[in-house]
Amino acid sequence: MIRTAFTLVEMLAALALSAALMVAVLSLSTGVSRTERAMAATHQRSDTHEALVELLRRDLSEARQVDILSQGIRLIGPLQVEPDTQERSHLPVEVRYEIAESPVGGLSGGPAGGPGGPGGTAGSILLRCQRRLEQRTNQAESRRLVATGVRSIQFTQVASADSATDQADVNVMPAAIRIQVIWNDESVPMLSRLLVME
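How each quantity is defined
Residues numbered from 1 in each chain as written. Predicted model: local features only at pLDDT ≥ 70, side-chain atom pairs only at ≥ 80, totals over all residues. Heavy atoms only, no water. Helix = DSSP H or I, 4+ residues; strand = E, 2+ residues; numbered from the N terminus. Buried < 20%, exposed > 50% of the residue type's maximum accessible area, 1.4 Å probe, protein only. Areas by Shrake-Rupley, 256 points an atom, 1.4 Å probe, with all protein chains shown as cover. Pairing = 2+ DSSP bridges. Axes fitted to C-alpha atoms, helices over the stretch in contact; angles between N-to-C directions. Polar contact = N/O pair within 3.5 Å; in protein donor to acceptor, adjacent residues only side chain to side chain. Salt bridge = Lys/Arg side-chain N within 4 Å of Asp/Glu carboxyl O. Core = buried A, V, L, I, M, F, W, Y, C linked by side-chain atoms within 4.5 Å. pLDDT = per-residue confidence, 0-100. Contact = heavy atoms within 4.5 Å.

Draft legend 1. Spotlight on the overall build of the chain. Per the secondary structure count, the chain includes two helices and eight strands. Secondary structure of the chain in N-to-C order comes out as α-β-β-β-β-β-β-β-α-β. The proportion of buried residues among the 198 residues of the chain is 35%. Summed over all atoms, the accessible surface of the chain reaches about 12300 Å², with 60% contributed by carbon and sulfur.

Here it is as structure tokens:
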């Protein structure tokens with residue numbers, strides 16, 4: 001007798017094998033997609049870190065006066081950045097870096113130059129506030145979003161061997177400043193959430 005069709009057992013076996021293959025392909029594609037998203041987030045975080053380091057380094061190197069505050073830092077010098085073009089005009093300004101709550105809840109993960117209060121929620125942002133020092137100008141303070149999702153930022157003056165002189169003088173530039181930035185993102189290791197610059 002010649003068979004012209006598959007038996008029910010053969011059809012069930014083929015169906016089970018097809019289902020197992022589909023589950024394997026689906027889990028593989030989900031894993032690749034998850035890895036791709038994690039790599040994109042790491043790349044974006046790296047870009048944010050690099051841009052923030054560059055902005056802080058440039059402001060600190062050009063500052064004539066540095067005051068470390070409890071919730072940020074105050075710099076005075078030719079540090080003006082034009083709000084419209086983001087280019088430096090080197091006019092004398094007072095610059096403050098401070099953490100604030102985002103007006104949009106849950107805002108996080110933006111690039112620097114373009115990303116809390118003590119609570120350090122996911123909506124906390126790092127701002128660069130600048131105010132012109134010229135008396136004849138009535139220009140309001142401009143605020144620039146530097147980084148989002150910042151839990152805290154700490155500035156610490158690093159003592160040097162030559163710091164035996166009176167450090168209370170506000171016009172004395174510190175030898176070095178240690179900056180520690182901690183991001184809110186709990187999904188990455190602490191080492192990736194921590195930015196330390198000296």
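Draft legend 2. The sheet that holds strand β2 (residues 72-77), seen in detail. Taken in spatial order, the five strands line up as β1-β2-β3-β4-β5 in an open sheet, and their pairing is antiparallel. The two strands at the open ends of the sheet, each matched to only one other strand, are β1 (65-69) and β5 (142-148). Each strand axis lies, on average, 20° off the axis of its neighbour in the sheet, ignoring direction. Bridge count for β2 against strand β3 (residues 93-101) is six bridges, and the pairing is antiparallel. Considered in β3, the bridge of Ile73 is made with Tyr97.

Draft legend 3. Geometry of the side chain of Ser124. With respect to the helices and strands, the residue Ser124 is situated in strand β4 (residues 124-132). We classify Ser124 as buried; its relative accessible area is 0%. Engagement of the side chain of Ser124 in a polar contact is seen with the backbone oxygen of Val150, the distance being 2.4 Å.

Draft legend 4. Representation of the pattern of salt bridges within the structure. Evaluated as defined, the whole model comprises twelve salt bridges. Measuring nitrogen to oxygen at the nearest pair gives 3.6 Å for the salt bridge that ties Glu62 to Arg88. Of this pair, Glu62 sits in helix α1 (residues 8-62) while Arg88 sits in the loop between β2 and β3, and the two are 26 residues apart along the sequence. The pair formed by Glu62 and Arg88 is uniform in burial state, with each residue classed as buried.

Draft legend 5. Geometry of the side chain of Asp67. Within the fold, Asp67 resides in strand β1. Of the polar contacts made by the side chain of Asp67, one reaches the side chain of Gln65; its length is 3.1 Å. There is a polar contact of 2.4 Å between the side chain of Asp67 and the side chain of Arg74.

Draft legend 6. Seen up close, the nonpolar core. Judged by nonpolar contacts, the single largest core of 23 residues is most densely connected at Ile73, Leu75, Tyr97, Leu126, Phe155 and Ile179. Those elements giving two or more residues to this core turn out to be α1, β2, β3, β5, β6 (150-158) and β7 (176-183).

Draft legend 7. Here's a closer look at the confidence of the model for the chain. Model confidence for the chain is summarised by a mean pLDDT of 75, while 71% of its residues fall at 70 or above. Confidence drops under pLDDT 50 across residues 106-121; counting only partners more than four residues distant or on other chains, this segment forms 50 contacts. The model gives residues 163-168 a pLDDT under 50, and that stretch makes three contacts with residues more than four places away or in other chains.

Draft legend 8. Main features of the pairing of β1. Pairing between β1 and β2: five bridges, direction antiparallel. What sits directly across from Val66, in β2, is Leu75. Between β1 and β2, which pair antiparallel one after the other, the connecting turn spans two residues.

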